[in-house]
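Coordinate analysis (summary)
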Amino acid sequence: MGSTEAPARAARALGPWHPQEFMAECVETVPEAGGLMTFVFRRCDGAPLAFRAGQYVNIAFPVNGEDQDPVDRSYSLSSSPTEPWTFNISVKRDATGLVSPWVHQNVKPGTVLEMLGPVGAFHLPDADRRARYLLLAAGAGITPIMSMVRTIHSLPGHADVVVLYHGAEAGGFAFHQELAYIASVDSRIKVFYSLGDRNKPEGWEGLSGRLTAAMLDEVAPDANGRQVYACGPEGYLNTATELLGKVGVDDTSIYMEFFSGDRQTLLEYQAELALAVDIAEEIAEEIADSAEDYYESQPTAFGLYEPGYDAEGPLQATGLPLETVDPEAPETSDGGSAAEAEAEAPDASSFETVGTGSLTLSFMRTGINVRIDPTEHILGPAQRAGVRIGANCKEGMCGSCKVVKLSGEVDMNHQGGIRAREIDAGKFLPCCSTARTDMVIDA
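The chain appears in an unreviewed UniProt entry as Flavodoxin reductase from Paenarthrobacter aurescens. Among the UniProt annotations of the chain, the heading Cofactor (unreviewed entry) holds the following wording: "FAD".

Now the structure itself:
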């Protein structure tokens, strides 16, 4: 019998409980009916995105330019968590909106965005012995419902699912071809469409009219006893709440996600995101405190950076000696202590020098000089010399290798992994940068 340690670590890597901040690259766009566009992403660090069907991600969009603060928006994940190596959001274009028109016009394969997630309590349970669902969607509210349908369809079991999907026009039902296919091959899932209060076109075989108790009773006469998940505009969900009560569905069996809501709803979203940020920061700190254990625990297929090794074992950075700081010492204007300011700065000329090349990189924290050829990217020689710089994508996309340049000049060819204001602050990505001069680096 093997050790249980490895499976536990794998579960940690895939744990959907933990929102993280990460960079993701768009790899595909798919036009959908109803003015939606599906954007397929993958994490730049190569890790899967673990989430539950129905959750969302919060995305920072540089709507006003790379040198301005981004605009955050939350979008439901429309793909299934059973296929975690890529994930989808589906965005409905609102011509009067600030973000969605920009997304439709600018997000393309190769676009890299900052994300936080997964977030949200609106999701399928991890286990449900009854597995009897009534899924209600109106308009763009189909996106988290689609994730649920795809998930249930991809897994074995004895689920019993009824989907009731309201749309404004016959040709405006997003994912209708896939839904039709799923319903045709999976007897567990039934899909009903309704055209709201619009006139039925010739040949329309679905339902018509707004949501009513009679309609609920028609598609799911056993609604009382099902877990109900509903997503759509505020008015639609308010009506659904009232009608579900009339057909006997208990409040504890109703779960709703508002695509637009009142002030209380918005405050609840803000609270969810704030909690997610706190959790993401705790996880980032945990990883930073045990970086070696973390990287060693990741599957090789993730391709994450880990320290190099030689015949004698792990390459160790030389390191500068730690100094005790007197907390009572007066501070300088930049936050350092007076004693620290008076201390003699490390003399790079005393550092060991390794490598060959015409330029010298002085890594002040590590205490080593690295000779480098001007055509080499800085990251590789630095890591081989034992400088501890984390790096995942190594293509200038994820930003995980970001360091501060104390002096010197670089040529950087990044792919969105660093912002203009960070460059202005002296930061750069050594994975995609070559040195133009001798440099002093805070690493």
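**With respect to unusual backbone geometry**
Gly117 connects to Pro118 through a cis peptide bond whose omega is 0 degrees. Checked against the element boundaries, Pro118 lands in strand β6 (residues 112-119). One non-glycine residue, Phe175, lies in the positive phi region at around 65 degrees. Relative to the elements of secondary structure, Phe175 occurs in the loop between β8 (160-166) and α4 (176-185). By relative accessible area, Phe175 is classed as buried at 4%.

**Let's talk about the sheet that holds strand β17 (residues 403-407)**
Reading across from one edge, β14-β16-β15-β21-β17-β19 is the order of the six strands in this open sheet, with mixed pairing throughout. This sheet does not close on itself; its edge strands, each paired only once, are β14 (352-355) and β19 (427-428). Two strands pair when backbone bridges link them, and β17 and strand β21 (residues 439-442) are joined in this way by three bridges, in the antiparallel orientation. When the sheet's bridge partners are listed, Lys405 is paired in β21 with Ile441.

**What to know about the nonpolar core**
Counting residues in each nonpolar core, the largest one holds 30 residues, and the members touching the most others are Leu135 and Ile145. Every element with two or more residues in this core is listed here: β7 (132-138), α3 (142-154), β8, α4, β9 (189-194) and β10 (227-232). Of the residues forming this core, the biggest block, six residues, is contributed by α3. Beyond its immediate chain neighbours, meaning those up to four positions away, Leu135 contacts Ile145, Met148, Val149, Val161, Val162, Val163, Leu164 and Tyr229. Of all hydrophobic cores here, the second largest spans 25 residues; its members include Leu359, Val387, Ala391 and Cys432.

**With respect to the environment of Ala170**
Mapped onto the secondary structure, Ala170 falls in the loop between β8 and α4. In sequence terms Ala170 and Gly206 are 36 residues apart; their C-alpha atoms lie 9.2 Å from each other. If we skip the residues at most four places from it in the chain, Ala170 touches Leu195, Pro201 and Trp204.

**Re the side chain of Ser253**
Relative to the elements of secondary structure, Ser253 occurs in the loop between α6 (234-246) and β11 (254-258). Aside from chain neighbours lying at most four places away, what touches Ser253 is Arg226, Gln227 and Val228.

**Some remarks on the pattern of salt bridges**
Scanning the model with the defined rule gives twelve salt bridges in all. A salt bridge links Asp186 to Arg188; the shortest N-O distance between them is 2.8 Å. Taking the relative accessible area as the measure of exposure, Asp186 reaches 6% and is therefore buried. Taking relative accessible area as the criterion, Arg188 reaches 16% and is therefore assigned buried. Notably, a salt bridge pairs Glu242 with Lys246, separated by 3.7 Å at the nearest N-O pair. Taken as a pair, Glu242 and Lys246 lie in helix α6 at a separation of four residues, close to a single helical turn.

Calculation criteria
Residues numbered from 1 in each chain as written. Predicted model: local features only at pLDDT ≥ 70, side-chain atom pairs only at ≥ 80, totals over all residues. Heavy atoms only, no water. UniProt positions renumbered as here; feature names shortened; annotations may be inferred. Helix = DSSP H or I, 4+ residues; strand = E, 2+ residues; numbered from the N terminus. Buried < 20%, exposed > 50% of the residue type's maximum accessible area, 1.4 Å probe, protein only. Pairing = 2+ DSSP bridges. Core = buried A, V, L, I, M, F, W, Y, C linked by side-chain atoms within 4.5 Å. Contact = heavy atoms within 4.5 Å. Salt bridge = Lys/Arg side-chain N within 4 Å of Asp/Glu carboxyl O.

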